[in-house]
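# A closer look at the structure
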Amino acid sequence: MGRIMAIDYGRKRCGVAVTDPLRIVANGLTNVPAHELMAFIQNYVKTEQVDVIVVGEPKDMKNNASESAKYIEPFVRQLEKTFPAIEIKRYDERFTSVIAHQTMLDAGLKKKQRQNKELVDTISATLILQSFMNFINRLQKT
């Protein structure tokens, strides 16, 4: 069984999270500049087996695609073309940035640390991944 990778895609930076090989734990991996993300993924999958890539799907409160979706769709199509053997999934990312900031507060991080956008993106990717894993586990139990 391969890992699941999650991406919080942004126009400037992208948070990346992965599971352990047994898909038990979601871990924040890194933050990558958007223009380097595809090369990063290509290098990662050379050394680690990845079966699924989950890309955060930005939606508004009415469940419509948000403004940033137009930047993510070309990336998703490129992923599907570049990695035909890897399943590409979309998963709702609403509130992940808010929850990431709250997580940082709860962890006692100082204001300067909470302003680190790269950390917020990595935590957001981890939240997307954990939510996706919870969803999959619920499906398997029914």
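Use the structure listed above.
What you see is a predicted model, and the numbers here were worked out from it, not measured in a lab.

A word on the sheet that holds strand 3 (residues 26-33). Across the sheet, 5 strands lie side by side as 3-2-1-4-5; this open sheet has mixed pairing. Two strands close off the open sheet at either side, each with one partner strand: strand 3 and strand 5 (87-92). Mean inter-strand twist for the sheet, computed between neighbouring axes without regard to direction, equals 25°. Where strand 2 (residues 13-19) and strand 3 come together, 7 bridges link them in antiparallel fashion. Within strand 3, the residue paired with V18 across the bridge is N27.

Gaps left between atoms are located by rolling a probe of water-molecule size over the structure's atoms. The space that makes up the second largest pocket amounts to roughly 180 Å³. If you go around the second largest pocket, the residues you meet are M1, I4, R23, V52, E87, K89, F132, M133, I136, N137 and Q140. Of all the secondary-structure elements, those providing two or more residues to the lining of the second largest pocket are strand 5 and helix 5 (117-141). With 5 residues, helix 5 is the single largest residue contributor to the lining of the second largest pocket. Among the residues forming the lining of the second largest pocket, the class breakdown is 6 nonpolar, 2 polar and 3 charged.

Under the defined criterion, the tally for this structure stands at 5 salt bridges. Here R3 ties to E48 by a salt bridge, and the two come within 3.1 Å at their closest N and O atoms. With a gap of 45 residues between them, R3 in strand 1 (residues 3-8) and E48 in the loop between helix 1 (37-47) and strand 4 (50-57) connect regions that are remote in the sequence. A residue is classified by how much of its surface remains accessible, and R3, at 15% relative accessible area, is buried. Given the relative accessible area of 27%, E48 is considered partly exposed. The closest approach of N and O atoms between R23 and D51, which form a salt bridge, is 3.3 Å. Here R23, found in the loop between strand 2 and strand 3, pairs with D51, found in strand 4; they are 28 residues apart in sequence, far enough to count as distant. In this structure R23 comes out as partly exposed when scored by relative accessible area, which is 26%.

Cut-off values and rules
- Residues numbered from 1 in each chain as written.
- Predicted model: local features only at pLDDT ≥ 70, side-chain atom pairs only at ≥ 80, totals over all residues.
- Heavy atoms only, no water.
- Pairing = 2+ DSSP bridges.
- Helix = DSSP H or I, 4+ residues; strand = E, 2+ residues; numbered from the N terminus.
- Axes fitted to C-alpha atoms, helices over the stretch in contact; angles between N-to-C directions.
- 1 Å grid on protein atoms, 1.4 Å probe; cavity = no way out; pocket = protein on both sides within 12 Å on 5 of 7 lines; lining within 4 Å.
- Points joined across faces, edges and corners; volume = space filled by probe spheres on them.
- Nonpolar A, V, L, I, M, F, W, Y, C, P; charged D, E, K, R; others polar.
- Salt bridge = Lys/Arg side-chain N within 4 Å of Asp/Glu carboxyl O.
- Buried < 20%, exposed > 50% of the residue type's maximum accessible area, 1.4 Å probe, protein only.

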